[in-house]
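Geometric and topological summary
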Amino acid sequence: MEKQIEKLKSEKNAVILAHYYAPEEAQKVADFVGDSFYLAKVAKKTSADIIVFCGVFFMGESAKILNPDKKVIMPDLSADCPMAHMVKPGIIEELRNTYEDLAVVCYINSTAELKCQSDVCVTSSNAVTIVKSLPNKNIFFIPDRNLGRFVAEQVPEKNIIINDGCCPIHAAITKEQLQKTKSEHPDALVLSHPECEPEILSLADYIGSTSDIIEYANKTDKKEFIICTEEGVKYKLISDNPKKKFYFVSPSPCCRDMKFNTLENILSALEKEDKVVEIDEATRKAALLPLDRMLECVK
Ligand code: 13P
Ligand code: SF4
């Protein structure tokens, strides 16, 4: 199946992008593997005619927003991120009426509809830098409460109002699970994604996006790590560091929707070109502004 994918990719001038949470088999056939920020930058720059996005819907949608003239396809269009929808209708307007200088900061894990109502997008690897750089005092951070709280702690000079959404996968990691894993591996450093709950972040030795976690593990001399994020990152961590040990809490955090990116689905999407990401032009243009602002802020 890998060979057929390779062949179709070159025949059709297609490029495959995969998030670190996609299954190992998808990461292996991908041309580019990375975190949300890296993949958004790759999607913006590519000269391919077709982008196959192995991620969840907001990622394919963002690639389409950035590349209106390219065909963006996904192995399974139903792969969704529940957090991307977790903002109460009307709340943005209500807060804009309350705070004159409000900036709506939108985690890229959000629908195009929400991006349209936002001033700037962020990802977990650039949220602190971007929020710090804004001239606005009052910020509404959507949709993730945990990343929002993490940013608020790093940028105390701002009034950050935090929306109450979360990633069900990261938020399900409990202190008890982590303490059990720590007791089994007392020498391991805890590396955590900021989407985890505060009780997990308070036990972490390092907090960062998936790319940041991988970079940290690659650079340090330490040999053992407990990774508090989705289990898909294990493939890259082990490939880069075959002599180091990586543990996850039990049960291992698994994003079901990311796992829809199977080889069968990638091949079928490339063959049929039927799983196409579509977005109406008015929505696309409005959602492009905060995405472009992010890419301008942190190159
Ligand atoms: P990053 O890709 O920014 O690490 O975010 C993780 C995530 O949950 C993507 O859905
Ligand atoms: Fe969404 Fe969480 Fe899955 Fe990331 S891991 S795509 S935030 S549900």
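Reading guide: rules and limits
Residues numbered from 1 in each chain as written. Chains lettered and ligands numbered in written order. Predicted model: local features only at pLDDT ≥ 70, side-chain atom pairs only at ≥ 80, totals over all residues. Heavy atoms only, no water. Core = buried A, V, L, I, M, F, W, Y, C linked by side-chain atoms within 4.5 Å. Buried < 20%, exposed > 50% of the residue type's maximum accessible area, 1.4 Å probe, protein only. Contact = heavy atoms within 4.5 Å. Axes fitted to C-alpha atoms, helices over the stretch in contact; angles between N-to-C directions. Helix = DSSP H or I, 4+ residues; strand = E, 2+ residues; numbered from the N terminus. Parallel < 35°, antiparallel > 145°, perpendicular 65-115°, else oblique. Left-handed = near helix turned anticlockwise from the far one by under 90°. Nonpolar A, V, L, I, M, F, W, Y, C, P; charged D, E, K, R; others polar. Phe/Tyr/Trp six-rings, centres within 6.5 Å; stacked < 30°, edge-to-face > 60°. Near = heavy atom within 4 Å. Polar contact = N/O pair within 3.5 Å; in protein donor to acceptor, adjacent residues only side chain to side chain. Areas by Shrake-Rupley, 256 points an atom, 1.4 Å probe, with all protein chains shown as cover.

With respect to the nonpolar core
Judged by nonpolar contacts, the single largest core of 90 residues is most densely connected at Phe140, Phe141, Val151, Ile227 and Met294. Not counting residues within four places of it along the chain, the set of residues in contact with phenylalanine 140 comprises Ile91, Ile92, Leu95, Leu102, Ala103, Val104, Val105, Ile161, Ile162 and Asn163. Listed in part, the 19 residues of the second largest apolar core include Ile5, Leu8, Ile16 and Val276.

With respect to the packing of helix H1 (residues 2-11) against helix H13 (residues 263-272)
Angle between the axes and distance between the axes are the two parameters that describe a pair of packed helices. Where H1 contacts H13, the axes come no closer than 10 Å and their chain directions differ by 30 degrees. By the angle class used here, H1 and H13 are roughly parallel. Crossing of H1 against H13: the hand is left-handed. Residues Glu2, Gln4, Ile5 and Leu8 of H1 form the contact with H13, whose participating residues are Leu263, Ile266, Leu267, Leu270 and Glu271. When grouped by side-chain class, the residues that make up the contact of H1 with H13 number 6 nonpolar, 1 polar and 2 charged.

Topic: the packing of aromatic side chains
According to the stated counting rule, one finds 2 aromatic pairs in the structure shown. Arranged with centres 4.4 Å apart and planes meeting at 20 degrees, the rings of tyrosine 206 and tyrosine 216 form a pair that is stacked. Pair noted here: tyrosine 206 is in strand E10 (residues 206-207) and tyrosine 216 is in helix H11 (residues 210-219), with a separation of 10 residues, a long-range link. The class for tyrosine 206 is partly exposed, based on a relative accessible area of 23%. Taking relative accessible area as the criterion, tyrosine 216 reaches 27% and is therefore assigned partly exposed. Relative to phenylalanine 246, the ring of phenylalanine 225 lies with its centre 5.3 Å away and its plane at 15 degrees, an arrangement referred to as stacked. With phenylalanine 225 in strand E11 (residues 224-228) and phenylalanine 246 in strand E12 (residues 245-247), the pair connects residues that are 21 residues apart, well separated along the chain. Given a relative accessible area of 0%, phenylalanine 225 falls into the buried group.

Comments concerning the site of ligand 1
Taken together, 13 residues sit near ligand 1, with His19, Ser36, Ser124, His193 and Thr210 positioned nearest. One of the side-chain N or O atoms of histidine 193 is found 3.0 Å from an oxygen atom in ligand 1. Contact with the protein chains covers 97% of the free accessible surface of ligand 1, which is 300 Å². Along the lines of polarity and charge, the residues of the shell around ligand 1 split into 4 nonpolar, 7 polar and 2 charged.

As for helix H8 (residues 145-154)
Of the positions making up H8, those classed as buried are Arg145, Asn146, Leu147, Gly148, Phe150 and Val151. Against strand E5 (103-107), helix H7 (127-133), strand E7 (138-142), strand E8 (159-162), helix H10 (198-201) and E10 lie the buried residues of H8. Two to three positions downstream of the cap, the backbone nitrogen of asparagine 146 sits 3.1 Å from a side-chain oxygen, assigning the N-cap of H8 to aspartate 144.

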